[in-house]
Amino acid sequence: MAKLLLDENLSRRLLRFLAHDFPGSAHISQFEATRRSDDRAIWRLARDHGYILVTHDADFSDISALEGAPPGLIWLKLGNCTNARISAELTQRRDKIARAFAGGDVAVLEIR
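This structure is a prediction, so every number in the text was calculated from the model and none was measured.

Rules used in this analysis
Residues numbered from 1 in each chain as written. Predicted model: local features only at pLDDT ≥ 70, side-chain atom pairs only at ≥ 80, totals over all residues. Heavy atoms only, no water. Salt bridge = Lys/Arg side-chain N within 4 Å of Asp/Glu carboxyl O. Buried < 20%, exposed > 50% of the residue type's maximum accessible area, 1.4 Å probe, protein only. Helix = DSSP H or I, 4+ residues; strand = E, 2+ residues; numbered from the N terminus.

(A) Structural detail: the pattern of salt bridges. If you walk through the whole model with that rule in mind, you get eight salt bridges. Of the charged contacts, one joins Glu89 and Arg93 as a salt bridge, the two residues approaching to 2.4 Å between their closest N and O atoms. Here Arg93 falls in the partly exposed class, since its relative accessible area comes to 23%. The partner of Arg112 in a salt bridge is Glu110, and the shortest N-O contact between them spans 2.7 Å. Judged by its relative accessible area of 61%, Arg112 falls in the exposed class. Each of Asp21, Arg94 and Asp95 takes part in a single network of salt bridges with overlapping partners.

(B) Expanded view of the environment of Ala88. Positionally, Ala88 belongs in helix 4 (residues 83-92). The partly exposed category is assigned to Ala88, whose relative accessible area is 29%. Considered as a pair, Ala88 and Leu18 are 70 residues apart in the sequence and their alpha carbons are 8.9 Å apart.

Okay, here's the thing in structure tokens:
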């Protein structure tokens, strides 16, 4: 089962909507050492703890191009939208997300 690490540009409230489909998921704010850290520190945290990083931030796509996977990256390109929409987009793709990142071959999955 895939576990997600939500970047600081996403609400912590998303976790309660995602808990059933993505158990073990976390928000970056739960990790004191990475609060307001640079993107590479967040990247390493996701990699070292087996998370798939979820973000709106294009900078992580650049890091992924240089570093590759893991961690996997879900780049949300949904524009300004509600937590309910983000949650629905992720949960509807739960199986696809799990398959895409299971082998470690996929680095970035864009959700539009």
